[in-house]
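Structural description and commentary
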Amino acid sequence: VKADRAKPITVEADLPGKIDLLNQFVVFNGNVVVTKGTMTIRADRIEVRETPGGYHNAVAFGSAGKPATFRQKRDVGDEWIEGEAQRLEYDGRSDVVRFVTNASVRRLRGATVADEITGNLVTYDSTTEVFNVTGGATPTAANPSGRIRAVLAPREGSAAAADMAAAAASAAASAPPLRSTPTLGTPR
Amino acid sequence: MERADPALDDTAGIDLSFAGPPVAPALPWHQRALDVASAYLPLILMAALAGATWWLVTQAPSLDGPAGPAAPRHEPDYTMTTFMIQRFGPDGALRTQIEGDRLRHYPDTDTLEIDNPRFRAIAADGNVTLASAKRALSNGDGSEVQLFDDAKVTRNGKGPNDPPLEFRSEFLHAFRNIERVRSNRPVTVTQGDSRVQADAMEYDNLTQTVDLKGRTRALFESRGGGVSR
């Protein structure tokens with residue numbers, strides 16, 4: 001969401017943290033939640049650094065079991081971008097989020113997952129809303145070959161979407177509806 | 001001794017003055033008593049006087065001898081109102097300045113208690129630290145100061161891009177020698193547009209780090225985001 005750019009960043013954490021005045025960064029530990037407008041980043045440890053230009057960058061470190069997660073609303077419709085990775089770098093000035101190692105980013109329409117991209121490094125620029133993803137050698141459970149994997153759903157309102165919806169409706173009649181978890185943070 | 005026989009008293013022409021004055025004839029008793037009295041009067045008087053003085057001394061309240069170390073009573077031995085204390089370094093530069101409404105010095109614990117204090121400390125590198133509170137308790141040489149109620153310590157930044165750093169809490173404990181500020185109460189650390197709150201904290205000026213304890217919350221205004229000031 002473009003309006004997020006001007007919003008202040010608020011951070012909350014449970015465990016003791018540290019402010020390093022020389023390098024101008026603050027470390028937060030323990031279920032850290034960073035919110036900026038509609039964007040929220042959760043992780044075990046987050047470092048917020050102030051750039052000389054007055055912007056703030058955040059680096060979120062997930063632990064082995066619990067990756068750092070990201071969630072932000074898109075300008076168009078009721079669409080959300082959700083993603084997670086071992087390490088998450090948010091650049092306040094350019095509003096680019098980099099998901100590093102075991103990255104998977106999903107675009108959700110309402111509660112259903114529209115697109116999903118997994119790879120080693122995914123960068124998402126929330127102003128231009130452009131993803132780009134680079135593959136990596138590290139196979140993950142979701143992506144044994146380690147190559148990039150993208151699942152793209154047809155755009156809403158397009159003919160293809162209508163057919164798919166019809167097909168899904170008939171299939172749904174038999175299969176229980178898939179529901180993605182509204183709250184994030186629990187590993188997929 | 002028996003007097004000499006009067007018959008032998010024919011020595012009229014002989015000078016007998018070596019024998020002393022001629023013995024006066026016996027006087028009546030009251031005359032003699034008077035003589036004795038008048039002779040011994042000064043002695044009696046002196047004796048009476050001595051007795052009186054001695055009596056007086058015993059009656060006088062005895063000064064309590066050098067009292068043992070009196071139990072230190074927590075009472076100020078000096079107070080100052082609307083005062084200013086300035087302390088200068090060996091090179092003559094102003095080191096610390098303390099202003100306040102009332103100051104009480106307690107000799108037993110050698111502490112200073114100041115109402116409405118305003119501290120100003122200038123470090124060797126010119127770094128100015130200001131501190132103020134409703135009440136302060138400082139040790140003798142001011143190297144350790146405890147600030148109570150609305151305590152605020154502000155360390156001025158070194159340059160334009162180093163905005164002043166401010167600590168605000170109900171209690172702040174500043175150690176000048178080891179250059180630390182400590183607090184075991186919720187504290188707010190503000191610098192420029194960033195504000196961090198924690199349940200307790202310890203600031204080390206030497207390593208320029210603030211250890212935040214307990215739960216922490218922070219708010220970072222993004223200056224660059226074109227937020228209207």
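Note that the structure is a prediction, hence the values are computed from the model and not measured.

What counts, and at which threshold
Residues numbered from 1 in each chain as written. Chains lettered and ligands numbered in written order. Predicted model: local features only at pLDDT ≥ 70, side-chain atom pairs only at ≥ 80, totals over all residues. Heavy atoms only, no water. Helix = DSSP H or I, 4+ residues; strand = E, 2+ residues; numbered from the N terminus. Buried < 20%, exposed > 50% of the residue type's maximum accessible area, 1.4 Å probe, protein only. Areas by Shrake-Rupley, 256 points an atom, 1.4 Å probe, with all protein chains shown as cover. Contact = heavy atoms within 4.5 Å. Phe/Tyr/Trp six-rings, centres within 6.5 Å; stacked < 30°, edge-to-face > 60°. Lys NZ or Arg CZ within 6 Å of the ring centre and 35° of its normal. Pairing = 2+ DSSP bridges. Core = buried A, V, L, I, M, F, W, Y, C linked by side-chain atoms within 4.5 Å. Buried area = accessible area lost by both parts, 1.4 Å probe. Salt bridge = Lys/Arg side-chain N within 4 Å of Asp/Glu carboxyl O. Polar contact = N/O pair within 3.5 Å; in protein donor to acceptor, adjacent residues only side chain to side chain. Nonpolar A, V, L, I, M, F, W, Y, C, P; charged D, E, K, R; others polar. UniProt positions renumbered as here; feature names shortened; annotations may be inferred. pLDDT = per-residue confidence, 0-100. Patch = residues over 30% accessible without salt bridge, like charges linked within 9 Å, V, L, I, M, F, W, Y side chains within 5 Å. Lys, Arg positive; Asp, Glu negative; His and termini not counted. Charge placed at Lys NZ, Arg CZ, Asp CG, Glu CD.

We now examine the overall build of chain A. A count of helical and extended segments in chain A gives one helix and 12 strands. For chain A, the N- to C-terminal ordering of α and β elements is β-β-β-β-β-β-β-β-β-β-β-β-α. When the 188 residues of chain A are sorted by exposure, 41% land in the buried category. Accessible surface, chain A as shown: approximately 9200 Å² in total, 61% of it carbon and sulfur.

Across its full length, chain B holds one helix and 12 strands. Helices (α) and strands (β) of chain B occur, in sequence order from the N terminus, as α-β-β-β-β-β-β-β-β-β-β-β-β. Taking all 229 residues of chain B together, 28% fall into the buried category. Considering only intrachain contacts with a sequence separation of at least 6, the fraction spanning at least 24 residues in chain B is 32%.

Even without glycine at this site, A:Asp95 takes up a positive phi of about 60 degrees. Structurally, A:Asp95 can be placed in the loop between β8 (87–91) and β9 (96–109). The backbone phi angle of B:Asp110 is positive, close to 50 degrees, even though this residue is not glycine. Looking at where B:Asp110 falls in the secondary structure, it is placed in the loop between β2 (94–106) and β3 (111–115).

Our focus in this paragraph is the packing of aromatic side chains. Residues and elements named next belong to chain A. One pass over the structure, following the stated rule, counts five aromatic pairs over all chains. Seen in terms of ring centroids, phenylalanine 70 and phenylalanine 99 are 5.6 Å apart; in terms of plane orientation they differ by 85 degrees. Their pairing is edge-to-face. Of this pair, phenylalanine 70 sits in strand β6 (residues 68–73) while phenylalanine 99 sits in strand β9, and the two are 29 residues apart along the sequence. Grouped by ring-pair contacts, the aromatic residues Phe70, Phe99 and Tyr124 constitute a single cluster. Here the guanidinium or amino end of arginine 71 rests over the ring plane of tryptophan 80, the centre of that ring lying 4.0 Å away.

Turning next to the pairing of strand β1 (residues 78–88) of chain B. All names here are of chain B. Across 10 bridges, β1 lies against β2 in antiparallel orientation. For phenylalanine 83, the partnering residue across the bridge sits in β2 and is glycine 100. The loop that links β1 with its antiparallel partner β2 comprises five residues; one of these, glycine 92, has a positive phi angle of about 90 degrees.

The next point concerns the nonpolar core. A:Phe99 and B:Leu147 are the most contacted members of the largest nonpolar core, which has 56 residues in total. Residue contributions to this core peak at five residues, all from strand β4 (residues 39–50) of chain A. Other than its neighbours up to four places away in sequence, A:Phe99 contacts A:Phe70, A:Gly83, A:Glu84, A:Ala85, A:Arg87, A:Leu88, A:Val105, A:Asn120, A:Leu121, A:Val122 and A:Tyr124.

By a frequent convention, interface size equals the accessible area lost on bringing the separate parts together. With 28 residues of chain A at the contact, the number on the chain B side is 27 residues. It is A:Ile19, A:Leu21 and A:His56 that lose the most area in chain A upon contact with chain B, and together they represent 25% of the buried surface on that side. The partner of A:Asp14 in a salt bridge is B:Arg215, with the nearest N and O atoms 2.6 Å apart. Inspection of the region where chain A meets chain B yields nine residue pairs in polar contact (both at pLDDT 80 or more). Put simply, the parts of the chain that give the side of chain A that touches chain B at least two residues each are β1 (9–13), β2 (15–20), β3 (25–36) and β4 of chain A. Considering every element that reaches the side of chain A that touches chain B, the biggest residue donor is β2(A), with six residues. Here the side of chain A that touches chain B is composed, by residue class, of 14 nonpolar, six polar and eight charged.

What follows covers the UniProt feature "transmembrane region" (unreviewed entry) in chain B. On the UniProt side, "transmembrane region" (unreviewed entry) is annotated at positions that read residues 37–57 of chain B here. A helix fraction of 100% and a strand fraction of 0% characterise residues 37–57 of chain B, whose end C-alpha atoms lie 28 Å from each other.

Below, the discussion takes up the pattern of salt bridges. All names here are of chain B. Using the criterion set out here, one finds 22 salt bridges over all chains in the structure. One salt bridge connects arginine 104 with aspartate 115, and the closest N-O pair in it is separated by 3.2 Å. Separated by 11 residues along the polypeptide, arginine 104 in strand β2 and aspartate 115 in strand β3 bring together distant segments of the chain. By relative accessible area, which is 14% here, arginine 104 ends up buried. Residue class for aspartate 115 comes out partly exposed when judged on its relative accessible area of 21%.

Time to look at the confidence of the model for chain B. Residues and elements named next belong to chain B. Overall, the prediction assigns chain B a mean pLDDT of 84, with 86% of residues at 70 or greater. Contacts for the low-pLDDT stretch residues 225–229, under 50 throughout, to residues beyond four places or in other chains number seven contacts. Complex prediction metrics read pTM 0.67 and ipTM 0.71.

Let us now look at the side chain of B:His105. By the secondary structure assignment, B:His105 is in strand β2. On the basis of relative accessible area, B:His105 is assigned to the buried category, the value being 11%.

Time to look at the pairing of strand β5 (residues 56–61) of chain A. Residues and elements named next belong to chain A. With six bridges connecting them, β4 and β5 associate as antiparallel partners. In the sheet register, valine 48 faces β5, and the bridge partner there is alanine 58. In textbook terms, the turn of a hairpin is the stretch between consecutive antiparallel strands, and for β4 and β5 this stretch comprises five residues, one of which, glycine 54, has a positive phi near 95 degrees. Note: β5 against β8, five bridges, orientation antiparallel. Counterpart to valine 59 in the pairing with β8 is glutamate 89.

All names here are of chain B. On the surface, a cluster of negative charge is contributed by Asp77, Asp108, Asp110 and Asp141. Its place among the elements puts aspartate 141 in the loop between β6 (135–139) and β7 (144–155). Classification of aspartate 141 by relative accessible area gives partly exposed; the value is 45%.

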